[in-house]
Amino acid sequence: MKLPRKYSLQEIAELLNVTFVGPESFPITGFNEIHVVEEGDIVFVDHPKYYDKALQSKATVILINKNVKCPVGKALLISNDPFTDFNKLSKYFNSFKSSNNSISETAVIGENTIIQPNSFIGNNVKIGNNCLIHANVTIYDNCKIGNNVTIHSGTVLGADAFYYKKRPEGYDKLLSSGSVIIEDNVDIGALCTIDRGVTANTTIKKGTKIDNQVQIGHDTIVGENCLIASQTGVAGCVIIEDDVILWGQVGTNSGITIGKGAIVLGQTGVTKSIVGGKTYFGTPIEESRKKLKEIAEIKQLLKNQKR
C-alpha cells in the first residue's frame, strides 16, 4: 500500500512507538507484504526463518523483532511484535469508514451501467461503462471495475484476506488494506467471492470468465482470457497466467504459478507450480495422460491380483 505522502523513518517509529536503525529522515513511501514489496516500502518479519528473505527483499525498511545488522541502504524498525505493529499501519492509513447508503456518495459509476436493487457499492469504488451489476452484489471500498463487466447475484468483491497468526489465546488477524481490480470484459457468476489483497490488489485481468461459486484468494492475479469453472477455490498469492482453464472443483495451494495456456481438469489439486501449454489432472497433480495411464495400470494390476 502506498502512503498518502512520503514519511520519514522517525515519523513511522514514533507512530508505532518503536526504536529504529538508520537516518531519522530516511524516506518511507509504503508498506507491503514480502511478495509485493517495492523500494521505499516497509515489510514485516517476525520469525528467524524469514529474516534473510526480508532483509534481502526489495523493501528498504524492515519491521523486525530482533536488532540485526542493517543492510547497506536500508533501515530497521525494531519491534517486540511486528505483526501487531504492521496492523497499526493498516489501521492508521486505511481505517474502516462506514457508509450509510447502498451506493456510496464517493462511488463513481460509468455511463450505461446498471446496478440492480439491493446491491451495495462501497466508498471510493469505481465502476466503468456498460456494466451490469445484478441484485444483491456487494462491492467493498476502493474496488475498481472496468468496462463491460457483468457480475451476478450474491457475489462479494473485496472481503478480507484469510490471514491469521496463531497466538496462545487464539488467532490474531492480519488486517487487509488492499483492494480488488476487475479489468474490462470480465464476467463473474453468482455467489463468487474475490478477496482483497492484504496490502496490494487481487486482480482479474481483461476477458476472463468466472463461473458460479468460485473463490479467489487475496493478492492472486488471474491473467487475461482465463476460464474458471464452478466450485473452484484459488488460494492467496497465486499467479494464473493468460489463457488458463480451470475446470470444476479445482483447488490450489497458495503462492504457486499456473503457466500460460494450462488446462486443469476437474477435481484436481494444484499442489505446486505448473508450466503452461499442458493438460493436468489428479491429486497430487500430474500431466493428465501420465496420470490416467497410471490409473489404468493400477486397475490392471488389481485385475491380475484377483486372477
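Data block above holds the structure.
Counting starts from 1 at the beginning of each chain's written sequence and moves along it residue by residue. Reporting in this predicted model follows two pLDDT cut-offs: at least 70 for local features of residues, and 80 or more for side-chain atom pairs to be given and counted; totals over whole chains, interfaces and linings ignore these cut-offs and use all residues. Here the side-chain values reflect all heavy atoms present in the structure, with hydrogen atoms and water set aside.

Things to note about the sheet that holds strand β21 (residues 201-204)
- Spatially, the 8 strands line up as an open sheet ordered β7-β10-β13-β18-β21-β24-β27-β30, and their pairing is parallel. The open sheet has two edge strands with one neighbour each: β7 (108-109) and β30 (257-258).
- Note: strand β24 (residues 221-222) against strand β27 (residues 239-240), 2 bridges, orientation parallel. Across the sheet, Ile221 pairs through a bridge with Ile239, a residue of β27. What makes two strands pair is DSSP finding at least two bridges between them. Every helix listed is a DSSP run of H or I at least four residues long, and every strand listed is a run of E at least two residues long, numbered separately from the N terminus.

Quick notes on the environment of Ile64
- Note on placement: Ile64 falls in strand β5 (residues 61-64).
- Put simply, Ile64 and Pro168 are 104 residues apart on the chain and 20 Å apart in space, counted from C-alpha to C-alpha.
- Here, two residues are considered to be in contact whenever any of their heavy atoms come within 4.5 Å of each other. Filtering out sequence-adjacent residues up to four positions away, Ile64 remains in contact with Val45, Tyr51, Leu77, Ile78, Ser79 and Pro82.

Describing the sheet that holds strand β3 (residues 27-31)
- Ordered by their spatial adjacency, 6 strands build an open sheet running β1-β3-β4-β5-β6-β2, and the pairing between neighbours is mixed. Since the sheet does not close on itself, it has two edges, and those belong to β1 (2-8) and β2 (19-21), each with one partner. Ignoring strand direction, the axes of neighbouring strands in this sheet form an average angle of 30°.
- Pairing analysis gives 4 bridges linking β5 to strand β6 (residues 75-78), with the strands arranged parallel. From the neighbouring strand, Ile62 faces β6, where its bridge partner is Leu76.
- All axes are obtained by fitting lines to C-alpha atoms, using only the stretch in contact for helices, and the reported angles, taken between N-to-C directions, cover 0 to 180 degrees. Where helix α1 (residues 9-16) meets the sheet, its contacts fall on β1, β2, β3, β4 (41-45), β5 and β6, and the angle it forms with β1 comes to roughly 105°.
- Contacts from helix α3 (residues 82-93) reach β1, β3, β4 and β5 within the one sheet, and its direction differs from that of β4 by about 145°.

A few points about the nonpolar core
- Among the nonpolar cores identified, the biggest contains 40 residues, and Ile139 and Ile182 are the most heavily contacted of them.
- For Ile182, the contacting residues outside a window of four places in its chain are Lys144, Ile145, Gly146, Val149, Leu157, Ile188, Ile194 and Ile204.
- Here, the term nonpolar core denotes a set of buried Ala, Val, Leu, Ile, Met, Phe, Trp, Tyr and Cys residues that are joined through side-chain atoms within 4.5 Å. Type-normalised accessible area, obtained with a 1.4 Å probe on protein chains alone, sets the label of each residue: buried when under 20%, exposed when over 50%, and partly exposed for intermediate values. Membership of the second largest hydrophobic core comes to 24 residues, among which are Met1, Ile12, Phe26 and Phe31.

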